[in-house]
Amino acid sequence: MSLVVTVDLVVVAQYACTLLLAYYCVQFGGIFFEWPVARAAVDPALAEAPSGGKTFDLKAHESAGAYGKLDTSVVKCWDPCTLADLGSVPATAPADVVAAVARCRAAQATWANSTFAQRRTLMKIMLRFVVENQATIARVAVRDSGKTLTDAIFGEVLVTCEKLKWLAHSGEAALAPEVRETGSMVWFTKKVHVEYRPLGVIGAIVPWNYPFHNVFNPVSAALMSGNGIVVKVSEYASWSAAGYFGAALRACLAAAGAPEDLVQIVHGYGATGAALVGGGVDKVIFVGSPGVGKKVMEHASKTLTPVVLELGGKDPFVVCDDVDDGDLDRIAQIALRGVFQSMGQNCAGPERFFVGAKAYAGFTKRIKAVADELVVGASNDDATVDCGAVTMGSLSRDRLQALVDDAVAKGAKILSQGKTPPAALEGTSFFPPTVLVDVPMAAKIATEEIFGPIMCVFEATTSDDDAVAKANSCGFGLSSCAFANSSARARRVAARLKAGMSSVNDLEGTTYLSQSLPFGGVGESGFDKFAGPEGLRGLCLTRSVCVDRLGPMRTSIPPPIQYPSKGKGHVFAMGLVELFYGNGLLGKLRGVVKLLKAL
């Protein structure tokens, strides 16, 4: 006789959600349920595209840029999916960038003295705004970047909420003074600690791939740490930042009673970015390509301005050959989400897939079955669309096609290009979601960042050592992940991958969803961190402080080492060394003898 147990997964899910909500109530002081009285109100008209139905002449715009005839006094804006003309935003002149830094510094002088309670209130107001306006935020992000609504909610809204929640709950603890050991020489009369003081004004140069999160992410960290911030947004994301998102930040500041000039947003091209780097900010956060990152670092060196460089990645996704055939459906969906989220335009996202020989056929079969059904289109018009547009038009399309052509010429095969025929996408900002298999390591796509909707499955690996060696052959090192039936095996593989972050049996993006973790890489992916305690503290001056433990007791210079020299200072110093660091009792007694001789 056998006992068959059936489980109602819907009921289980309902119970799980109830328990999760209860956990958040207890753990986070009701952040999601006890909204502050103040709320940020933003004119909804700012979320709408200009009326008139004018189509942007993308071909003429790109031609002007190619021949050096682009009008850099304005930033022209358009919807990558529909090519709707979104108008233009004045470029910020270098002198105006310097003025923006000055306004921000004046406001920060006040905010530096704000309490953590005030900063928490601001984070909660920002969180409330995001949750209550998530549909509008997503629609604006979609219009400016071309991504789908699902990608916008998941990649723009959800991670921003997690960031704000973590800052409100844990930001103060991360920035609280930290007591340290006094050491042998300071003795019991002193106590020492490290404190974190806001640097002043942070300069952030952010890319276009996540127009909402890329602004709110550095802004929230800067404000929670007591700084002001000037953000230079990409010329491909100026419409949303100049309109709805910028207005949202001003409304949040006003609702919290914070200085209105604490956040400044500037627009433009290279001259605007250079003016910000050299315009007197106290630290620069740059997110972009290695080539531009080197220029930022070079320019910052002239004023010795510290920089955080996040320069993208080419993350490895390793699938060991012991994975169960039944688990490949799950892994394939994770892989597809990682590649095609925001059309692959992600700093941290899988670009190189190394699959064990025994799992290779099952993995690629499942990938093809799903990829063949992917639909390309404008998500604001159709929420069932799977993949949106590439933001930079033919600049992206031509580069991506060249990578595909090179890989195919060297032996790779095109396994899938979605449901929409590539010919139907000609002349648009869309690129077919492409799956390449049997990619040789000699292809350019093996080392150059893709930053587009191309899944690159390399030739089957023969062992874990083979997979790790190939994964580590690239100069980038941002994030990584490893999958295996044995968690221990997956952990061993992940531990050997050269990257600043790694996930075991999950997508590498989980490390970014955990905002308590620092974000950053090695090699061509840049250096330093943002997010987590390390990121917050990186926006502060780390000060070492020594104070009296007992008020009446003061440090004085012992007579043997007072000026003028009495000729026994070196003997006294040697006695101190042997007393505190000598080997055994005899060694310490020798130190005492030297001290007595010197007195």
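Residues numbered from 1 in each chain as written. Predicted model: local features only at pLDDT ≥ 70, side-chain atom pairs only at ≥ 80, totals over all residues. Heavy atoms only, no water.

*Asks:* So what exactly am I meant to see when it comes to the confidence of the model for the chain here?
*Replies:* In low-pLDDT regions, the fine details of the predicted coordinates are not to be read closely. Chain-level pLDDT for the chain is 91 on average; 94% of the residues reach the 70-or-more range. For the stretch residues 1-14, pLDDT sits under 50, and the model shows 1 contact to residues farther than four places along the chain or on other chains. Residue range residues 28-33 is modelled with pLDDT below 50. Its contacts to residues more than four positions away, or to other chains, number 17 contacts. (pLDDT = per-residue confidence, 0-100. Contact = heavy atoms within 4.5 Å.)

*Asks:* I'm lost on the packing of helix α11 (residues 328-340) against helix α12 (residues 357-371) in this one. Help?
*Replies:* Between α11 and α12, whose axes approach to 9 Å, the crossing angle comes to 55°. For the element pair α11 / α12, the angle class is oblique. α12 is crossed by α11, and the crossing has right-handed handedness. Contacts from L328, D329, I331, A332, Q333, A335 and L336 in α11 reach A359, G362, F363, R366, I367, V370 and A371 in α12. (Axes fitted to C-alpha atoms, helices over the stretch in contact; angles between N-to-C directions. Helix = DSSP H or I, 4+ residues; strand = E, 2+ residues; numbered from the N terminus. Parallel < 35°, antiparallel > 145°, perpendicular 65-115°, else oblique. Left-handed = near helix turned anticlockwise from the far one by under 90°.)

*Asks:* How do you make sense of the sheet that holds strand β3 (residues 178-180) when you look at a structure like this?
*Replies:* Taken in spatial order, the 3 strands make up an open sheet running β3-β4-β20, and their pairing is antiparallel. Edge positions in the sheet fall to β3 and β20 (540-548), since each has one partner strand and no second. On average, each strand axis in the sheet is inclined to that of its neighbour by 30°, with strand direction left out of account. By the bridge criterion, 3 bridges tie β3 to strand β4 (residues 190-198) in an arrangement that is antiparallel. Residue pairing for β4: V179 is matched across the bridge by H193. (Pairing = 2+ DSSP bridges.)

*Asks:* Teacher, can you tell me more about the pairing of strand β10 (residues 315-319) here?
*Replies:* Looking along a regular strand, one sees the side chains alternate between the two faces of the sheet. β10 sits mainly inside the fold: 5 of its 5 residues count as buried. In β10, alternate side chains face the same way, and those of D315, F317 and V319 on one face and P316 and V318 on the other are all buried. Here β10 runs beside strand β11 (residues 350-355); their pairing, made up of 5 bridges, is parallel. Counterpart to V319 in the pairing with β11 is V355. Since β10 and β11 lie parallel, the crossover through α11 that links them has a hand, and here it is right-handed. For β10 and strand β16 (residues 481-483), the ladder comprises 3 bridges, and the chain directions are parallel. Within the sheet, the bridge partner assigned to V319 lies in β16 and is F483. (Buried < 20%, exposed > 50% of the residue type's maximum accessible area, 1.4 Å probe, protein only. Right-handed = clockwise from strand over helix to strand, strands pointing away.)

*Asks:* Can you help me understand the environment of E524 in this one?
*Replies:* Here E524 lies in the loop between β18 (522-523) and β19 (526-527). Residue classification places E524 among the partly exposed positions, given a relative accessible area of 40%. Along the chain, E524 and G313 lie 211 residues apart, while their C-alpha atoms are 7.8 Å from each other.

*Asks:* Could you clarify how one ought to interpret the domain arrangement of the chain in this entry?
*Replies:* If you check the domain split of the chain, you get domain 1 (80-311 + 533-543), domain 2 (315-514) and domain 3 (556-598). Look at where the C-alpha atoms of domain 2 and domain 3 centre, and you get two points 65 Å apart. (Domains from an automatic or database assignment.)

*Asks:* Sorry if this is basic, but what is going on with the pattern of salt bridges here?
*Replies:* Between side chains of opposite charge, a pair can form when the charged atoms approach closely. Scanning the entire structure with this criterion turns up 30 salt bridges. A salt bridge links D85 to K54; the shortest N-O distance between them is 3.9 Å. Taken together, the residues D85 in strand β2 (residues 85-90) and K54 in the loop between α1 (9-27) and α2 (58-66) connect sequence positions 31 residues apart. Residue K54 is classed as exposed on the basis of its relative accessible area, which comes to 57%. A cluster of three or more residues bridged by salt bridges with shared partners is formed by D321, D322, D464 and R489. (Salt bridge = Lys/Arg side-chain N within 4 Å of Asp/Glu carboxyl O.)

*Asks:* Sorry if this is basic, but what is going on with the state of the cysteines here?
*Replies:* On inspection of all chains with the given rule, the structure shows 0 disulfides. Residue C77 stays outside any disulfide, its sulfur separated by 15 Å from that of C81, the closest cysteine. Under the relative-accessibility criterion, C77 is labelled buried at 3%. Looking at the unpaired C474, the closest cysteine sulfur is the one in C456, lying at 11 Å. Given a relative accessible area of 1%, C474 falls into the buried group. (Disulfide = S-S within 2.5 Å.)

*Asks:* Which parts of the structure should I look at to understand the packing of aromatic side chains?
*Replies:* Within a pair of aromatic rings, the relevant descriptors are the distance that separates the centres and the angle that separates the planes. Tallied over the entire structure, the rule returns 14 aromatic pairs. With a centroid separation of 4.6 Å and an interplanar angle of 5°, the aromatic rings of F56 and W78 are classed as stacked. Of this pair, F56 sits in the loop between α1 and α2 while W78 sits in strand β1 (residues 74-78), placing them 22 residues apart in sequence. With respect to burial, F56 and W78 carry one shared label: buried. Considering the side-chain rings of W78 and Y236, the 6.0 Å spacing of their centres and the 80° angle between planes classify their relative orientation as edge-to-face. With a gap of 158 residues between them, W78 in strand β1 and Y236 in the loop between β6 (228-232) and α8 (238-256) connect regions that are remote in the sequence. An aromatic cluster is present here, built from F129, F212, F216, Y244 and F245 joined pairwise through their rings. Lying across the ring of F116, R119 places its NZ or CZ 4.9 Å from the centre. (Phe/Tyr/Trp six-rings, centres within 6.5 Å; stacked < 30°, edge-to-face > 60°. Lys NZ or Arg CZ within 6 Å of the ring centre and 35° of its normal.)

*Asks:* When you look at the packing of helix α4 (residues 116-132) against helix α7 (residues 213-224) in this model, what are you seeing that I'm missing?
*Replies:* In helix packing, the relevant descriptors are the interaxial angle and the interaxial distance, both defined with respect to the helix axes. Two elements in contact, α4 and α7, have axes whose closest approach is 9 Å; the angle formed by their N-to-C orientations is 160°. Between α4 and α7, the angle is such that the two are roughly antiparallel. Along the contact surface, α4 presents F116, R119, R120, L122, M123, M126 and V130, while α7 presents F216, S220, L223 and M224. Looking at side-chain class alone, the contact of α4 with α7 contains 8 nonpolar, 1 polar and 2 charged residues. (Nonpolar A, V, L, I, M, F, W, Y, C, P; charged D, E, K, R; others polar.)

*Asks:* Can you help me understand α4 in this one?
*Replies:* One turn of an α-helix holds 3.6 residues; hence residues three or four places apart share an orientation. With 17 residues, α4 should reach 24 Å at 1.5 Å per residue; the first-to-last C-alpha distance of 24 Å fits that figure. When we look at burial in α4, the residues that qualify are R119, L122, M123, I125, M126, L127, R128, F129 and V130. Taken together, the buried residues of α4 touch α3 (94-111), α5 (134-145), α6 (149-175), α7 and α8. (Expected span 1.5 Å × (residues − 1).)

*Asks:* Any chance you could explain α12 here in plain terms?
*Replies:* Under the 1.5 Å per step criterion, the end-to-end length of α12 is 21 Å for 15 residues, consistent within 8% with the ideal 21 Å. Within α12 the residues assigned to the buried category are A359, Y360, G362, F363, T364, R366, I367 and A371. Looking at the buried side of α12, the elements it contacts are β10, α11, β11, β12 (413-416), β13 (434-439) and β14 (454-458).

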